[in-house]
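Descriptive analysis of the structure
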Amino acid sequence: MATTTVIGLIFGRYEIRLRRLRMIRDYIAAFPTTAGGDGAQGINPSFEFVRTKYSADVEPYAPPPEASRTPPNGEPGAKENADELVSQITATIEQTHRFGRRHDRQLLWSSLPYALVVTSGFYLALIPSCSMSNATCARDLVLSLFITGGLPGSAGAEASQMVRFAAENTATVAAFAFIGAYVASLRYLVKALAVFDLSAYTFIRQAAMIVISVLVTIILYRALPNPLLAIADFAKPAPNDTVLTHNPGIPLIWILLALSFGLLPESAIQFALVKSTTVINWIKQTDDRFKDWTRVIPLDAIDGIDYFTRFRLEECGISEVQSLATYNPIMLHIETPYGIYQAIDWIAQAQLCCVVGLDRFLLLRQFNVRTIFDLERALKQERSLEAAEQVAIDKFDRIYAAVLFAPNSLLQGIQNTSNAKFLIPGDEPGLVREVDAGEFSKWALSSITGTPKDASRAIEHLMDWIGDDLHVRRLRRLWNEISVRLGPLSLELLGDDEIRRNAGTTSTFPLQPPFVFP
C-alpha cells in the first residue's frame, strides 16, 4: 500500500509537469504579449511565476535575460521574444520527458519516512484480533510503559490480564487514529499533486503529522478513557482492587474521536485544551464574539461555479471566495480544466465580492454589474465626452453609490455585537451625536452627494482605492493584454455595410496598426 501510493504520486507529478508545460507553451503561442512579445512591456510577472513553477527544479535551468524584464522606470527595454520562450519550454519538456530522472529519484528517497510510517500503521491496524489472554497473541502488541504503564490493579495474573486488555484497547484506538491520519495525508498529497507542490517536505510533513496524531490520541485516550466526563472527575484515585475477567471494551465515541483526531490533527490539541480549561485557566482564549459576522463566503456565490466545479477548485487550495480573488488567473487556467476567459471572469467576480461583501455583490449583479471591472467602468467614465453626455452618465454614480452605502445586516450586527456607536455632526455647530448603522449610512451618502459634480468625483475616488489592489492590478494587466491581442474587431459588432465592404479582402479590418499597451 505504501509503495503503491508513493510511486503513483511521483509518476502523477511527472505526467502533470509534461502536460502543463505543453499548455504553457500553447498559451504563449495564443497570447505572445503576456510573454513579452508584440511590443508588450516585458514578461507578465503572473506568467513568469507559472513558468518557473514547472521548470525551476529542472537542470540546467536558464532564467530569462535581465534585459527582457521591464526596467524600474517603466520604459520598454529589450524584450524576450515569445518564440525564444517557446524554445526554452520545449527544451524543458525534452529534459523531463523520461520518467525516473534524477529529481524523480530524489523525491522517491525523500518519501521513505512516509512509506515506513504508513507500513507500520497498517501493520498495527491489521493485527489479527484475538483474546489477550493468549500469550502468543500478546507478543504482537507493544506492552510498553507508554501503552499500559501506570494502570491500577493488583499483582499477579489478574494484573497481567488487565495490562493485556489495556494494550488491546489502546492499540485499537491508535489504529483508528492512524486510519484517519492516513486518509488525511492522502487528501493532502493529492491536493499537493494537483497544484504541483509535491516535494520532499510534503512527504516528511505528512509522516510527522501521522506520528503526532497517533501519539496524541494515545495520550488522550489514556488520560480520558471516558471523554464525556470533565477532567475534574478523574482527580480521584481509581480503586486498586478491581479485577477484570473480561475486556470492558472501548466507548464507541472514542472510535469517532480517534478518526477525527487523525483527520484533523489540530483538533486533538483543541480537545485537550477544552477538557483542561477547569485546571489550566491561564491560556488566552479566542475572541469569538464576531463569528456570526465573519463567515466564509462559499464559492457557490460566484456565477458559473456549481458543486462539482467547487470541488475541483478545492483541489487547488481554493476553498472560498477570498482565495479565488487572490489566485493567479494564468495558474488557475493551467492547473484546472477551465479556460483563461472563464478563470478571469471568476476571479473578477470574486474580487468584487471581497470588496463590497456578499449581499452588495448580489445586489449589484441585479443592476448588471458582475465583476470588479464592470463596477470600474460604471463609476469611472472618460472625461472626453460632451457635457450633456457626461451629465447623463454621471447619474449612474449616484445609483451605484446608493447600493455601496446601503446599510445591511452585517453592518448592523457588528455594531450591535460591539456596542459601538457612530458619531456624526449634530444639529448645532461643534456638537456630535450618536447614531446607529442605518442613520450613519444615510449621512455618509448625503455627505458625498451634495452636488452631481461632487458626487461623481467622490464615487470615482472610492473606485480608485478599491481598484488599487495588487491582485486587481495583476488581473487588469492580463485583461488589457488579452484585449489588445484580440484587436479592434472585438470592440463592437460591425454593421452590415462594413461587413460587405470587407468581404473578400485579405485584411480582417481596415484598422490594423500595431497596438501597444501603454
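This structure is a prediction, so every number in the text was calculated from the model and none was measured.

Across its full length, the protein chain carries 23 helices and two strands. Across the 518 residues in the protein chain, those meeting the buried criterion constitute 38%. For the protein chain, long-range pairs separated by at least 24 residues make up 68% of all intrachain contacts whose partners lie at least 6 apart in sequence. As presented, the protein chain carries roughly 29300 Å² of accessible surface, and 61% of it is formed by carbon and sulfur atoms.

This paragraph deals with the pairing of strand E2 (residues 432-435). Where strand E1 (residues 422-425) lies against E2, four bridges are found, and the strand directions are antiparallel. Of the residues in E2, the one forming a bridge with isoleucine 424 is arginine 433. Hairpin connection, E1 to E2: the antiparallel pair is bridged by six residues, and glycine 430 has positive phi, about 85°.

Moving on, we come to the confidence of the model for the protein chain. Across the protein chain, the average pLDDT comes to 77, with 74% of residues at or above 70. The spread of mean pLDDT over the elements of the protein chain runs between helix H6 (residues 135-138), the lowest at 49, and helix H13 (residues 321-325), the highest at 95.

This part covers the packing of helix H15 (residues 340-356) against helix H17 (residues 372-379). Interaxial distance between H15 and H17 falls to 7 Å at its minimum, and their mutual angle equals 65°. Looking at the two axes, H15 sits roughly perpendicular to H17. Note on element contacts: H17 touches H15 through Ile372, Phe373 and Leu375, opposite Ala348, Gln351 and Leu352. By residue class, the composition of the contact of H15 with H17 is five nonpolar, one polar and no charged.

Glancing now at a nonpolar patch on the surface. A cluster of nonpolar side chains, namely Ile179, Val183, Leu263 and Leu264, defines an oily patch on the protein surface of about 300 Å² accessible area. For valine 183, the position within the fold is in helix H8 (residues 157-194).

Running from N to C, helix H1 (residues 2-30) and helix H3 (residues 82-95) point in directions that differ by 170°, and their axes come no closer than 10 Å. Classified by the interaxial angle, the pair formed by H1 and H3 is roughly antiparallel. Only Ala82, Leu85, Val86, Ile89, Thr90, Thr92 and Ile93 of H3 make contact with H1, whose side of the interface consists of Leu18, Leu21, Arg22, Ile24, Arg25 and Ile28. Partitioned by chemical class, the residues of the contact of H1 with H3 number nine nonpolar, two polar and two charged.

The subject of this paragraph is the packing of aromatic side chains. Counted according to the given criterion, the structure contains 15 aromatic pairs. Ring centres of phenylalanine 122 and tyrosine 182 lie 5.0 Å apart, and the angle between their planes is 75°; on these two criteria the pair is classed as edge-to-face. One end of the pair, phenylalanine 122, is in helix H5 (residues 112-125); the other, tyrosine 182, is in helix H8, with 60 residues separating them in the sequence. Take tyrosine 182: its relative accessible area is 7%, and that puts it in the buried class. Ring centres of phenylalanine 373 and tryptophan 479 lie 4.8 Å apart, and the angle between their planes is 65°; this geometry places the pair in the edge-to-face category. With phenylalanine 373 in helix H17 and tryptophan 479 in helix H22 (residues 470-486), this pair connects stretches of sequence that are 106 residues apart. Aromatic rings pair up to connect Phe122, Phe178 and Tyr182 into one cluster.

All right, on to H3 then. Taking 1.5 Å of rise per residue, 14 residues should cover 20 Å, and H3 covers 20 Å from first to last C-alpha, within 8% of that figure. By the burial criterion, the buried members of H3 are Ala82, Leu85, Ile89, Thr92 and Ile93. Viewed end-on, H3 has its buried residues packed into an arc of 100°, placing them on one side of the element. For H3, the exposed residues set more than 90 degrees away from the buried face come down to Asp83 and Glu94.

Among the nonpolar cores identified, the biggest contains 96 residues, and Ile24, Tyr114 and Leu324 are the most heavily contacted of them. No other element matches the 12 residues that H1 contributes to this core. Residues within four places of leucine 324 in sequence aside, it is in contact with Leu299, Ile302, Ile305, Ile318, Leu332, Trp346, Ile347 and Ala350.

A separate point is the side chain of glutamine 206. In this structure, glutamine 206 sits in helix H9 (residues 200-223). The exposure class of glutamine 206 is buried, given its relative accessible area of 4%. Apart from residues lying up to four places away in sequence, glutamine 206 is in contact with Tyr114, Ala184, Ser185, Tyr188 and Leu189.

Mapped onto the fold, glutamine 351 is located in helix H15. Among the residues examined, glutamine 351 registers a relative accessible area of 3% and is labelled buried. One polar contact links the side chain of glutamine 351 to the main-chain carbonyl oxygen of histidine 471, over a distance of 3.2 Å. When sequence neighbours within four positions are dropped, the list of residues in contact with glutamine 351 reads Ala325, Ile372, His471, Val472 and Leu475.

Attention shifts here to the pattern of salt bridges. Applying the stated rule across the entire model yields 11 salt bridges. Across the pair arginine 295 and aspartate 292 runs a salt bridge, and its minimum N-O distance is 3.1 Å. For aspartate 292, a relative accessible area of 41% translates into the label partly exposed. One salt bridge connects arginine 310 with aspartate 300, and the closest N-O pair in it is separated by 2.7 Å. With arginine 310 in helix H12 (residues 307-314) and aspartate 300 in the loop between helix H11 (265-275) and H12, this residue pair connects regions lying 10 residues apart in the sequence. In the salt-bridge network here, residues are joined through shared partners; they are Asp300, Arg310 and Glu314.

With that out of the way, let us pick up the state of the cysteines. Across all of its chains, the model carries zero disulfides by this definition. The cysteine cysteine 354 is free of any disulfide, with cysteine 353 supplying the nearest cysteine sulfur at 6.0 Å. The partly exposed category is assigned to cysteine 354, whose relative accessible area is 37%.

Considering the arrangement of structural elements, one finds phenylalanine 178 in helix H8. Among the residues examined, phenylalanine 178 registers a relative accessible area of 2% and is labelled buried. In the structure, phenylalanine 178 is positioned 80 residues away from alanine 258 in sequence and 8.3 Å away in space, judged by C-alpha atoms. With sequence-adjacent residues up to four places away left out, phenylalanine 178 is seen in contact with Val117, Val118, Gly121, Phe122, Ile210 and Val214.

Note on placement: threonine 309 falls in helix H12. With relative accessibility at 9%, the residue threonine 309 sits in the buried group. For the pair formed by threonine 309 and leucine 299, sequence separation is 10 residues and the distance between their alpha carbons is 9.0 Å.

The rules behind these values
- Residues numbered from 1 in each chain as written.
- Predicted model: local features only at pLDDT ≥ 70, side-chain atom pairs only at ≥ 80, totals over all residues.
- Heavy atoms only, no water.
- Helix = DSSP H or I, 4+ residues; strand = E, 2+ residues; numbered from the N terminus.
- Buried < 20%, exposed > 50% of the residue type's maximum accessible area, 1.4 Å probe, protein only.
- Contact = heavy atoms within 4.5 Å.
- Areas by Shrake-Rupley, 256 points an atom, 1.4 Å probe, with all protein chains shown as cover.
- Pairing = 2+ DSSP bridges.
- pLDDT = per-residue confidence, 0-100.
- Axes fitted to C-alpha atoms, helices over the stretch in contact; angles between N-to-C directions.
- Parallel < 35°, antiparallel > 145°, perpendicular 65-115°, else oblique.
- Nonpolar A, V, L, I, M, F, W, Y, C, P; charged D, E, K, R; others polar.
- Patch = residues over 30% accessible without salt bridge, like charges linked within 9 Å, V, L, I, M, F, W, Y side chains within 5 Å.
- Salt bridge = Lys/Arg side-chain N within 4 Å of Asp/Glu carboxyl O.
- Phe/Tyr/Trp six-rings, centres within 6.5 Å; stacked < 30°, edge-to-face > 60°.
- Expected span 1.5 Å × (residues − 1).
- Arc of directions from axis to C-beta.
- Core = buried A, V, L, I, M, F, W, Y, C linked by side-chain atoms within 4.5 Å.
- Polar contact = N/O pair within 3.5 Å; in protein donor to acceptor, adjacent residues only side chain to side chain.
- Disulfide = S-S within 2.5 Å.

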